[in-house]
Structure formats: structure tokens, C-alpha cells
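So you can see what is in the structure, the chains are spelled out below.
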Amino acid sequence: MERERLVSVVGGRAVKYVGLKKPSQIIPFKGNFPLLEPYQIALYNEAIQNTEKLEDLSDEFQKATEKGNRIALLEEGFQRYLESYNISVDAFMKMKNTDKSDKLMNWLNHDCIDFSQLTIK
Amino acid sequence: MEEIKKALDRIAEGNALGEVSDDLLIKACDAYKIKSENFDDSYDYHVCVAKSLYDHLHGIELDEEICKAVVPGQTKVVDGVMYIYTATPGAKTKYDWRVFKGKIKVGKQVDDSKVDSKQKYINELFPSDLSSLKVIKTLGGSTGAQLVEDAKGNQYVMKKGTNTSSDHVRTEYLTNQLYDLLGLRVPDFELYEDNGEAVMLSKYIPMTKVPSANNYDDMAKGFVVDALLANWDVYQNDNCLVDSAGRIVRVDNGGALNYRAQGSKKTFGDKVDDFLSMQKYNPSVVANLSTQDYINQIDDVLNKQGDVMGFLVASNIDMIKVFDNRFKDLRRIKNDLEAKLAKKNKKVLPRNLKSDADMYRELSEDELDAIWKGQSGSDYWRKLNATNYTVGWELLSTICAERGFTARPNVVDEAEYWNAVKQSKYQMFRGLSDGGGHNAEYYADDFKYNDNCFYGTIGIHGSGIYAHVNDGDHDKSNTQTTYKKSDAYNAARSYAGRSGDILECVLDPSSKVALVPDLKKEILSLVTFDKAAVDAKQIEIDALNNQLKQQQDDLNNITDKTEKEIKTNMHWDEDTLVMSQLEIDNTDWGRLNDDGDPDYPSFEDFVEKKVFDWVKKNGGTVTEKGKGTDVYVFTLPNSKEKFMLSRYQWENNAIKRKNAFSNAYNYPLKRFQDWMMKEHYGVINKKISKELENIGDKVTNLQSDIKVTKSELNVKTSEMADLKKTKDPNGDIISGIYELVRIGSKEAIGTYAALKGYDAIIEPHGNGGPNSFMIILNRSKVIVKK
């Protein structure tokens, strides 16, 4: 079993994002958020704490996990990129919008990420 | 569309016709942004602006949706060039970017008074007037350096901005100043501003020679400075020379900081990545530098950090932040080198451990309050979930640092480790994989030798450092020869992956360990609530959940049933759908036999045995057009379109290629595939869609019911939260932890356990696996095999 198919790993990343209306402060993700409705959050937590493999989650939770995981990885990538310029998330948030967007575009270019990948669907 | 936007569009059109200047369009754009109610000068908007211009500059077709968001007259500067978004005849998106033609100056503007000043930086060692210099010879190179001589016969090497750029020359001047500050030899030099053009003179050093291998060790003494200044080609192209006293002089430093030697720009970033690449590409030069030598060089440079930063500030140089960060990065490199050295020497530095009294003391209310308030995050959720890539879980790390839990583990040799296994209740394996720019070995060393303790960023059973406990249901072999069979070791292997590493460790027998489920219960009992009301609410929620499940089943049944019936009635054969494509596409149609003749499957083997069967399984017919013709006509049950396949074509004209490099394919079979997909599976799919539309009302009603039920569930869940929640989850750390655990998340249990002074917590059968997870909080209690 590959690490990236283990719920403890991918679910662990995703769980921080599945309930958020705005999943990131630093990346303007597009899509339907939150990924799960409020009534599903406790069920989701229970599911990921008791399931070993990603494919053993229900379809709906699998999709939410994959989307949340993608958000987490992009967020991590951008944070690491900013850190390489010694820019903290707080400092980034205080930057002008035009500078923020330039940083975002540069990161997308640097990490070979297509703009469309910011739409989570 | 609002009037003001129409007016702006008209101005942009006028701009396209040359009737309205760029400056006026920009003013109109600014006015629109201020007055329009629809315009939002947000991060999202500027992302659209940046993306749109980026695409334009890279020749990518502009995205219409993104372009719609950008306001005409919008400007943006890239690499010192200002662009304006305006009406563009023939553009697909009506508007497009072009270079700004107005009067507004962009980029760094040169002060005219400074341009006129020719002698700003001159000292008496250099000529006061450049016009008095006589060119002796051209020294060549892309920067057009010349050997010049003044009236007194003093010789200099002259570099002019006209040959590269004034900025390039000024940058080399800055580099020379920095080398000087950092104690490495460069020629005497001076900078002139000649009618806005930068000119640098360097004293010509006679009797120099090109360095040989004998000089490499001396050159390498400045390696860390060279890397700090990103002087990539310093060791090549005679950029270093040996003077008559045998000393190394860095004579040509045009390839340092943010310039390449040829004068084009390069990234001069916050990380000294140059360190590794310069090592890699100059192995002979640095061959004799030991790890300790690098560390010593870094120390020397760091000792001069104050001088460099002071100089940059005093000179108003626009690189203060970059240098500050590069010095920080040198410290990181030094740490890495020290860790490497520690490992190489197999000498583990003494651990700095707190006493038990300190480690396990009760934290006071004031301390807890300070920890909570000191944690960044706008609410309890963000505070408790905050992670970074230095310490991992931030709040947990703060608490553990306070207790001294972050101290390094006890790294022991093989014999000591196996002795410890016998003593400890908990043998553990932690799988480490490559990632985040480092390999697994790096993470193993980081755990063993780095004073900074990284707690990870994921932990659905509790924040902390995870390991598999050797207590598996199926196999818990724990001897030196058998432990690799154990469930726990194999689970760790899954986490490590093929190229990963497995940390083998045990928990010190004196450790305080708690069970995650027990801590969860304890946390949930911290707040008392009206149990009867909660039970009643839970009954309502359960009922709604059952109702939702029923509705979702009904919806699935309706669509599934309809689809299934249609497929059966119309002879949909799933096996054929899959197999026909695999068989056709996986056959090597270009295969040749030993004689070089085509060797693909015969008509009998493929067409008669397989294709005929596929057609018949889907309710079709196969008929020979005339007896003995070997031309076959296929029909399908839901289409009037027939398909013909002849043996002659199969044997003589079936195999084709798109081009000489592509795989061969069977032309009649490709057509057959298309025919089946369109006239059979496609027809059935259309029928299914139509029927689903006909039962649309039923589907719509059910979907609507589901929506209502979900909405009710959300309301009841929220009401339940109100019944159980604390007064203010943001108010203090315990309330925050309670709230997070109450909604089903367990990450905060690790933080809670650390607050309570537990060294580690155990989740039995983590994620339903055969063994427990150990979540380590106190790294100093881990005994790890070297």
C-alpha cells in the first residue's frame, strides 16, 4: 500500500480543509465550498479515523478527501515557495493584492502548475 | 451593464483608434474603479490581471472568462515595462495587453542631477576625468573590457555600461565592495557616472598568472563568500588570477549577485542554493575542503554579517532583505553540515535534558494563558491546527519546548538498542519517505540529531510524531532476526515506500503513556451539558440521517433501475464493450515475422472468432454478402447502419500508420470500433438519457427532498453544537481543545496530552490496522537505533 493511498495521510491533510467555506487565505481557490456540509463533518472525522485505505471510504468522502488533499498540497507548495523568499503567511496577507497575485503567478510558473488547477472540482 | 462601464469601454475604443491617450484611459479606469459599485479591487481581481498579462506575454490564448474580469485601462509592470489592457481590433477577447505609450514614467527613475554628476565616487587613486584615458587594448569578452591608461601612465581595466548595462556595471562594483568587506582580495576599483552611464575602473595588476591546481586550495578559501555572492563562474574564465605574491585576486566579478557574466539577469534569491551547485560544478577547486572547513568559513562570514548589513543600509542598496535572508540560509546550511558531521563522526553530542520535576510539572493558568495568546490564529480552530515546516504543530511544539520534550532522543548502537527492546513495553517503527525537498535519510537524521524537533503536520489521532507499535494482531515478532515480519514493521514500510527509511526505536520504560480514547473521554467530560436535551437532539439527528439514506437509496434506485432495464432491452453487452477495445488496441498490428512479412492475426482468428462474436453478443447479425465472397455484413439491433468487412481488405489493405514513427493500426477494425460505439452503445446511452429526462420529475422531487433533509440536518447539527459547546471556545486553550474534539476531530488530543505531561499517547488499531499507533510527544524519551 502506497503512503499516498493511506487515509491517515491523505485524510489527515484533507480534514483541515473539508469544512471551510474559504479553504485558503493565500490561494484563491474556486469551486463549491465547503467540500462537506456541516452535518457531515463529524461523520467524516469518524470515517477517516477508522479507515485504512482511501478506496474503502464512501464515494462522497473519497472525493472530498481527494479534493481536500489537493488543496492541502497546493497550499503547502505555495507556503514553501513563500518561505523560500522568507515571506510568512501573515506577511503575505499584508501584501498589496497586485504583489500577492504576482507571487501567486510566479509560484504557479515555478512549480509548473496550471492556473486551472486552482479550480477544485 | 452600468453606464460608467459603457463609458469606459467607449474610451478604450477611442484609445484603440488613437483618439484617446493611454494616460487618459488610465485615469478613466481609476475613476471607474472608484465609482463603480461592481468593482472589487481584491486579490482575486489581481490574480486575473496577472494571469491575463502572463498569458499574453507567453503567447497563450487569453481566457475569455478571466479577461472579462479585467477592467480596460488596467496597467501592470513586468520587468520594468508597463503594459496597458485596452481595446484591440481583432482580439478574440476584444481587449488585449500592449506596451504602454503614455507619459507616466515607470521603473526606477534616474535623478537628472545625479546623471550630470561625473565624479561622485572618485578618490585620488583614480583619474578624475575619464576623457583623459587612452585605450591601450581591448581585453575582449562580452562586457567589452578595455585596458586604458591615464596621463601618468597608470593602467586600468575599464568596463562601460554601454557594452552591457549600467546596472550590470554598478552590480559588479557592489560585488567588489562586498568582497573587500568580507576579506577577499579584489583589484582597487572605482565607479564613475558618465552622462548617466556607469563606468568602472579597476587597477590593472601586472604580472598575474592564471591559477593552476596548486592554487585551488587558496581559491577555495573564499568558497562560502563566492556562494553567498552567487559568483557562479568565479573559478572559470580567468576570473581569479594569482598575483606576483602568489595571492588569489578575484578580478572579474561580473557574474555575481543578480547578473550573469554575459550581462543578462539571474535570480539572486533568499536561499544560497548556489552553495550546492557551485560545489557540484567545481569539484576540483573544493576537493580538499572538509565539512569542518565549510563550517569554519560560514562562521567567518557570519561574523562579518553586521559589517555587510551596515554597509548595505548606509549605501541604500536595494538588497538588504535578500542579504539578510541569505545570511539566515547560511546558518541553515551550517546546521545541516553540523548534523552531517555529527553523523559522520558517529559522535552524538550530549543531550540537554530537563529534570523530571521540570518536565512533568503542572503548567500554571498564567502559563497556559500566555501559550494560548501567543499562538497565532484568529480562532481556536486555527490556533490548534496551525502548522509550519520548521516545528510542525505549532501549539504542541510550544508546550513541548516548555517542558523540554523537544530534546534529542537517546541514539544508541545496535547492542544497546536490542537491550532496550527487552526492557521496554513499546518497540516502535516509524516509516519515513522522501518529500518536501529531502530524502528519507535526511528525516531520519533530523529526528536523531537535530536539536530542532519537528512534530509533523498531519495527525488525525492526535498531533505528534507517529510510530507503529509492535503489538500487531497477526505478528509481533520482536527479536533481532524476526522483527521485520511483524505487522508494525510492515505497516511502517507502507509509510516509507520503496525508497524510504524506517526508524527503529523503543520508548523509555519510565515514560508516561495514555490511551487516545481515554483522553478523548476525559476531554469531553470537561464540559457539562443537559444530557436529556442532547439525547433528544441525537434522536432527531439519527432519524434525519436515516431519512436521508432512504432518499438517496430511492434516487439511486430510480436511475439505476431505468438504466439497467434499457440496457437489457437494447442488448448492451458490457464485456464486449471492454474486451473489444482492449483486444483491438493491444494487438501489435505492425508485427513482422522472421522473413519480414506482416504477422498480424488472421481473418479467421480475429474476425471470425472474435468480431463475429462481439456483434452477436450485442444482438447483431453477421451475414456473408454472397456465398464464397468472404465479404461480411454486420447489423446491430438498434441501428439501420450496416458495417461491411472483407477478408480481401483484411489481408491486403488493413494495416496503416499515421506516420513512420507511429504504431500500426488496423483500419477496418478502427472503423468497426467507431461503428459499434456510435450505432450501438451511443444509441443506447442516448435512450437512457432521454428516459432519465422523462422521469425527471421524480428525480427532481427526490433531489429536492434530499436538499431539504440535508438542510434540516445542518440545522439540528448546529443546535446540537449549541447544546454541547463551551461558552467561548476561543477564550482559553482547554475550551478550544474541547470544542475541536467535540466536533469529532482528534488532532488536539496530542496537545492536551502534552499539557498534561504525557510523554506519548497510543491509538489502539490506528485507522483500523492490526497494530497501535504511538504518538510521541517527548522525543527525549525515545531510544533510537543509530
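If you're wondering where the values come from, they're calculated on a predicted model, not measured in any experiment. All residue numbers refer to positions counted from 1 along the written sequence of the respective chain. Whichever chain is written first becomes A and whichever ligand is written first becomes 1, with later ones labelled in order. Only residues with pLDDT of at least 70 are given local features in this predicted model, and only at 80 or more are side-chain atom pairs given and counted; all residues enter the totals for whole chains, interfaces and linings. Side-chain numbers come from the whole structure's heavy atoms, not from hydrogens or water.

### Describing the packing of aromatic side chains
All names here are of chain B. Operational definition: Centres within 6.5 Å make a pair out of two Phe, Tyr or Trp rings, where for Trp the six-membered ring is used; the pair is then stacked when the planes are under 30 degrees apart, edge-to-face when over 60, and tilted otherwise. For helices the rule is a DSSP run of H or I covering at least 4 residues; for strands it is a run of E covering at least 2, with both sets numbered from the N terminus onward. Type-normalised accessible area, obtained with a 1.4 Å probe on protein chains alone, sets the label of each residue: buried when under 20%, exposed when over 50%, and partly exposed for intermediate values. The criterion for a charge sitting over a ring is simple: Lys NZ or Arg CZ within 6 Å of the ring centre, and within 35 degrees of the ring normal.
If you walk through the whole model with that rule in mind, you get 42 aromatic pairs over all chains. Seen from their ring centres, tryptophan 589 and tryptophan 650 are 5.6 Å apart, and the 90 degrees between their planes marks the pair as edge-to-face. With tryptophan 589 in the loop between helix 22 (574-586) and helix 23 (603-617) and tryptophan 650 in helix 24 (residues 647-652), this residue pair connects regions lying 61 residues apart in the sequence. Across the pair, exposure class does not vary: tryptophan 589 and tryptophan 650 are buried alike. Aromatic pair tryptophan 614 and phenylalanine 672: ring centres 6.4 Å apart, planes at 25 degrees, arrangement stacked. Taken together, the residues tryptophan 614 in helix 23 and phenylalanine 672 in helix 25 (residues 667-694) connect sequence positions 58 residues apart. Note on tryptophan 614: relative accessible area 7%, which makes it buried. By relative accessible area, which is 1% here, phenylalanine 672 ends up buried. Counting every residue linked through ring pairs, the aromatic cluster contains Trp589, Tyr600, Phe603, Phe606, Phe612, Trp614, Tyr632, Phe634, Phe643, Trp650, Phe672 and Trp675. Over the aromatic face of tyrosine 667 sits the side chain of lysine 656, whose NZ or CZ is 5.3 Å from the ring centroid.

### Let's talk about the interface of chain B and chain A
Worth spelling out the cut-off: Throughout, a contact is declared for two residues whenever any of their heavy atoms are within 4.5 Å. Note on definitions: buried area is the accessible-area loss of two parts on being combined, 1.4 Å probe, summed for both. Think of a salt bridge as a Lys or Arg side-chain nitrogen and an Asp or Glu carboxyl oxygen that are within 4 Å of each other. Counted as a polar contact is a pair of N or O atoms within 3.5 Å, where, for protein atoms, one must be capable of donating a hydrogen and the other of accepting one, and residues adjacent in sequence contribute only when both atoms are in side chains.
On the side of chain A, 49 residues touch chain B, which itself brings 44 residues to the contact. Considering only the surface of chain B that becomes buried against chain A, Tyr43(B), Tyr389(B) and Asn767(B) emerge as the three largest contributors, covering 19% of it. Linking Asp44(B) and Lys30(A) is a salt bridge whose minimum nitrogen-to-oxygen distance equals 3.3 Å. For the pair chain B and chain A, the interface holds 20 residue pairs in polar contact (both at pLDDT 80 or more).

### Comments concerning the side chain of Arg408(B)
With respect to the helices and strands, Arg408(B) occurs in the loop between helix 16 (394-403) and strand 13 (410-412). Here the side chain of Arg408(B) touches Pro350(B) through a polar contact of 3.0 Å, landing on its backbone oxygen.

### Observations regarding the sheet that holds strand 2 (residues 81-87) of chain B
All names here are of chain B. Condition: The rule for pairing is simple: two strands pair if DSSP sees at least two bridges between them. Each axis is a line fitted through C-alpha atoms, taken for helices only over the stretch in contact, and angles between the N-to-C directions span 0 to 180 degrees.
Pairing is antiparallel in the open sheet, where three strands are placed in the order 1-2-3. At either margin of the open sheet sits one strand with a lone partner, and together these are strand 1 (75-78) and strand 3 (95-99). Each neighbouring strand pair of the sheet contributes to a mean axis angle of 30 degrees, computed without reference to strand direction. Inspection of the sheet shows strand 2 paired to strand 3 by five bridges, in the antiparallel sense. Paired with threonine 86 across the strands is aspartate 96, a residue of strand 3.

### With respect to the packing of helix 22 of chain B against helix 25 of chain B
Residue and element names in this part refer to chain B. Rules: Orientation categories follow fixed angle ranges, with anything under 35 degrees roughly parallel, anything over 145 roughly antiparallel, 65 to 115 roughly perpendicular, and all other angles oblique. Throughout, a crossing is termed right-handed when the near helix is turned clockwise from the far one, and left-handed when it is turned anticlockwise from it by less than a right angle. Here the nonpolar group is Ala, Val, Leu, Ile, Met, Phe, Trp, Tyr, Cys and Pro; Asp, Glu, Lys and Arg are the charged ones; every other residue, Gly included, is treated as polar.
Close contact between helix 22 and helix 25 brings their axes to 11 Å; oriented N to C, the two are set at 165 degrees. One way to sum up the angle between helix 22 and helix 25 is to call them roughly antiparallel. At the point where helix 22 passes helix 25, the crossing takes the left-handed sense. Residue-level inspection shows Thr576, Leu577, Ser580, Gln581, Ile584 and Asp585 of helix 22 in contact with helix 25, the latter providing Leu669, Lys670, Phe672, Gln673, Met676, Met677 and Tyr681. Of the residues that constitute the contact of helix 22 with helix 25, the class distribution is seven nonpolar, four polar and two charged.

None of this, on its own, says anything about what the molecule does.
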